[in-house]
Amino acid sequence: MGERDLLSGLIRLHILHHAAQEPIFGLGIIEELGRHGYKVSAGTLYPILHGMEKCGHLASRSELVAGRQRRLYVITERGREMLAQGKARVWELFHELFDDELRAGTKGR
């Protein structure tokens, strides 16, 4: 498994997280992911967005912005369910990965 495979699920969770907060669009989410260290090209992102829409996790609509069409993506109810499941699994994994460090940080307090 390569780094791309490992990060793919995290990118999808990140997309769902932001789409749950407000409508997202390609360049905006590329920039947001970049702020978190993900280097995602349009050629990688758009197939992910289209796949998430096809699976029913996102819905899209076209909007005119500054004279240009922009596709906005919003989370669906199914996407919210997937986000909740993903968050629960990330939380569980986080504790499994960092349990020793968390305990060590609280010893002696």
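This text goes with the structure placed above it.
Residues numbered from 1 in each chain as written. Predicted model: local features only at pLDDT ≥ 70, side-chain atom pairs only at ≥ 80, totals over all residues. Heavy atoms only, no water.

Asker: Tell me about the nonpolar core, and name the residues and values.
Answerer: Ranked by internal contacts, the top residues of the largest apolar core, which has 18 residues, are I11, I15, I24, L33, L45, L49 and L58. The set of elements that each furnish at least two residues to this core consists of helix 1 (3-21), helix 2 (26-35), helix 3 (42-54) and strand 2 (68-75). When sequence neighbours within four positions are dropped, the list of residues in contact with I24 reads I15, H18, A19, I29, L49, R71, L72 and Y73. (Core = buried A, V, L, I, M, F, W, Y, C linked by side-chain atoms within 4.5 Å. Buried < 20%, exposed > 50% of the residue type's maximum accessible area, 1.4 Å probe, protein only. Helix = DSSP H or I, 4+ residues; strand = E, 2+ residues; numbered from the N terminus. Contact = heavy atoms within 4.5 Å.)

Asker: Residues and numbers for the side chain of T76, please.
Answerer: Checked against the element boundaries, T76 lands in the loop between strand 2 and helix 4 (77-106). A relative accessible area of 18% means that T76 is categorised as buried. In terms of polar contacts, T76 uses its side chain to reach the backbone carbonyl oxygen of G56, at 2.4 Å. Those residues in contact with T76 that sit more than four places away from it in its chain are G56, H57, L58 and A59. (Polar contact = N/O pair within 3.5 Å; in protein donor to acceptor, adjacent residues only side chain to side chain.)

Asker: Provide a residue-level description of the side chain of H14, including the pertinent values.
Answerer: Within the secondary structure, H14 sits in helix 1. For H14, a relative accessible area of 15% translates into the label buried. When residues no more than four places from it in sequence are discounted, the contact partners of H14 are E32, L33, H36 and Y38.

Asker: Describe in detail the pairing of strand 1 (residues 58-65), supporting the description with residues and values.
Answerer: Examined bridge by bridge, strand 1 and strand 2 share 8 bridges and lie antiparallel to one another. Residue pairing across strands places E63 opposite R70, the latter belonging to strand 2. (Pairing = 2+ DSSP bridges.)

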